[in-house]
Amino acid sequence: MEKKPFVTREQLEEITKTYPTPFHIYDEKGFIQNAKNVNEAFSWNKGFKEYFAVKATPNPFIIKKLKEVGCGVDCSSYTELMIADKLGFKGNEIMYSSNETPAGEFKYCADLGGYINLDDITLIEQMEEECGIPETVCCRYNPGGVYEVCNGIMDNPGDAKYGMTPNQIVDAFNILKEKGVKHFGIHAFLASNTVTNEYYPMLARDIFKLAVDLKNECGVHIAFVNLSGGVGIPYRPDQEPNDIFAIGEGVRKVYEEILTPEGMDDVAIFTEMGRFMMGPYGALVTKAVHEKHIYKEYIGVDACAVNLMRPAMYEAYHHVTVMGKEDAPCNHMYDIVGSLCENNDKFAVDRRLPKIEMGDYIYIHDTGAHGFAMGYNYNGRLKSAELLLKEDGSVELIRRAETPEDYFATFDFCDIMK
Ligand SMILES: *Cc1c(COP(=O)(O)O)cnc(C)c1O
């Protein structure tokens, strides 16, 4: 399948008159429609809520838009809770899914009235000390072993640091019940970036069975099942995208098969998707600024791994379009590289592309989630701006680019960089 940029070369020429490359740009129309689809796909479930995983795209302008279409937030740190707080998220609009939780964060979540999702049985004590025992608590489950979805997508919960073992989750529920918890949630995240409609339904089957067991064994009320994130996107043009309506329908079937006969048809379904919500609706726009012909053909661009770390970190594939040359033959082979003194700073390796001229805009697809957010400042390189392409076609600055002053801001306690 063809992967199409959501802006044209002409639009970029206009935009760059005000905002120089590199920048991440987000497609409001795309992510709002997608969020509406998610809500519709699960509308059969009365309590359904998507808690957008803030870590994927921690930009308050974007999260505010998602709030307007009914999304909550899944936070995992103090500063992410601050974003939720500032934007007016409250109570059951907040999920707090942390691990190795620093002191003080459960308290902040409890003050906002959010759900605490405990990653480990030992955190019960920390939570109780900080904020007492909430009426509703969620526990994270890890079944161990290897997790395989029908089409072979696999992850390795047995190697993952998250969640409680089956025995621990029974103990945790009993302890929490004893301490006065009235309602329980169960959370599990067993596979990442699954490009198959089978993942959520399979996961739901496992958690629903566990929910029935926990209800019967511990005599507790299960209020919600949190399917967490992991629904993927087609980074490669030959991948078939997930169909969220098929996924929602798949979960409904399993729900009616397992929960309904047990009289558990008040269980709310929660999701905490990040990648699926935003990934395809963001792009990193950069410009070809150098070419180098040694043992391979290199195109140097004005962005680097500081702006998008996934290729360097996981050798992740991101599709690349040379703007204005969408229909030109891909008769050149390039490595598209950034300026870091780090040989993994390559957005694309051995990529067949049209001939690139200096000044061409290089559009790196699918950077809307875990893109800007993973950035760092190695080599003293600065993070880019973020722009919002609005439904009416106008462009809004939603984060300015870093300046050297930002980079040196943590020396503001002294004069050394003044
Ligand atoms: C990262 C994360 C998510 C989002 O994952 P995606 O793969 O982006 O959907 C959701 N929940 C938790 C607890 C996470 O750590």
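Structure's up top.
Within every chain, residues take consecutive numbers counted from 1 along the sequence as written. Totals for whole chains, interfaces and linings use every residue, but because this is a predicted model, local features are given only for residues with pLDDT of at least 70 and side-chain atom pairs only at 80 or more, for both listing and counting. Processing note: side-chain calculations cover all non-hydrogen atoms of the structure and skip hydrogens and water entirely.

K.L.:
For this particular structure, what's the right way to read the pattern of salt bridges?
P.N.:
If the charged atoms of two oppositely charged side chains come close together, the side chains can form a pair. Salt bridges, as used here, are contacts in which a Lys or Arg side-chain nitrogen is within 4 Å of a carboxyl oxygen on Asp or Glu. This structure, assessed with the given rule, holds 17 salt bridges. Lys-107 is the salt-bridge partner of Asp-111, the closest N and O atoms lying 2.8 Å from each other. Taken together, the residues Asp-111 and Lys-107, both in helix α5 (residues 105-112) and four residues apart, mark about one turn of the helix. You can call Lys-107 partly exposed: its relative accessible area is 36%. We count a stretch as a helix when DSSP gives it H or I for four or more residues in a row; a strand needs E for two or more, and each element gets its number in order from the N terminus. Exposure classes here rest on a 1.4 Å probe applied to the protein chains alone. A residue is buried below 20% of its type maximum, exposed above 50%, and partly exposed in between.

K.L.:
I would appreciate a short explanation of the site of the ligand in the present structure.
P.N.:
Lys-55, Glu-272, Gly-274, Arg-275 and His-370 are the nearest of the 15 residues found near the ligand. In this structure, Ser-228 approaches the ligand through a side-chain N or O atom, which is 3.2 Å from a nitrogen atom. Counted as a polar contact is a pair of N or O atoms within 3.5 Å, where, for protein atoms, one must be capable of donating a hydrogen and the other of accepting one, and residues adjacent in sequence contribute only when both atoms are in side chains. In this structure, an oxygen atom belonging to the ligand sits 3.1 Å away from a main-chain N or O atom of Gly-230. Accessible surface is estimated by sampling points in the Shrake-Rupley manner with a 1.4 Å probe; for residues, cover comes only from the protein chains shown. Out of a free accessible area of 390 Å², the ligand has 91% covered by protein chains. Method remark: on a 1 Å grid restricted to protein atoms, a set of points is classed as a cavity if a 1.4 Å probe fits but cannot get out and as a pocket if it is open with protein on both sides within 12 Å along at least five of seven lines; lining residues have an atom within 4 Å of a point. By definition, a pocket or cavity contains a molecule when more than half of the molecule's atoms lie within 2 Å of the pocket's grid points. In a pocket analysis with a 2 Å cut-off to the grid points, the ligand is assigned to the largest pocket. Here a residue is near a molecule or strand as soon as one of its heavy atoms is found within 4 Å of it.

K.L.:
Help me understand the packing of helix α8 (residues 199-218) against helix α9 (residues 244-258), please; the structure alone is not making it clear to me.
P.N.:
Relative orientation and spacing of two packed helices are given, respectively, by the angle between their axes and the distance between those axes. All axes here are fitted lines through C-alpha atoms, helices being fitted over the stretch that makes contact, and every angle between N-to-C directions spans 0 to 180 degrees. Across the interface, α8 lies against α9 with an axial gap of 9 Å and an inter-helix angle of 25 degrees. Viewed along their axes, α8 and α9 adopt a mutual orientation that is roughly parallel. When you trace α8 past α9, the crossing you get is right-handed. Taken together, the residues of α9 that come into contact with α8 (itself represented by Tyr-200, Pro-201, Ala-204, Arg-205, Phe-208, Lys-209 and Val-212) are Ile-247, Gly-250, Val-251, Val-254, Tyr-255, Glu-257 and Ile-258. For the contact of α8 with α9, the per-class residue count stands at ten nonpolar, one polar and three charged. Throughout, the term roughly parallel applies to angles under 35 degrees, roughly antiparallel to angles over 145, roughly perpendicular to angles from 65 to 115, and oblique to all others. Note on convention: the crossing is left-handed when the near helix lies turned anticlockwise from the far helix by less than a right angle, right-handed when the turn is clockwise. Whether two residues are in contact is decided by their heavy atoms: any pair within 4.5 Å suffices. Three classes are used: nonpolar for Ala, Val, Leu, Ile, Met, Phe, Trp, Tyr, Cys and Pro, charged for Asp, Glu, Lys and Arg, and polar for all others, with Gly counted as polar.

K.L.:
I would appreciate a short explanation of helix α3 (residues 60-68) in the present structure.
P.N.:
An α-helical turn contains 3.6 residues, so a residue and the one three or four places further along point in the same direction. Among the residues of α3, those classed as buried are Ile-62, Ile-63, Lys-65 and Leu-66. Projected down its long axis, α3 carries its buried residues within an arc of 155 degrees, all on one side. The opening residue of α3 is Asn-59, an N-cap whose side-chain oxygen sits 2.8 Å from the backbone nitrogen of Phe-61. Following α3 by one or two positions, Gly-70 adopts a phi angle in the positive range, close to 100 degrees. The arc in question is traced by the directions running from the helix axis to the C-beta atoms.

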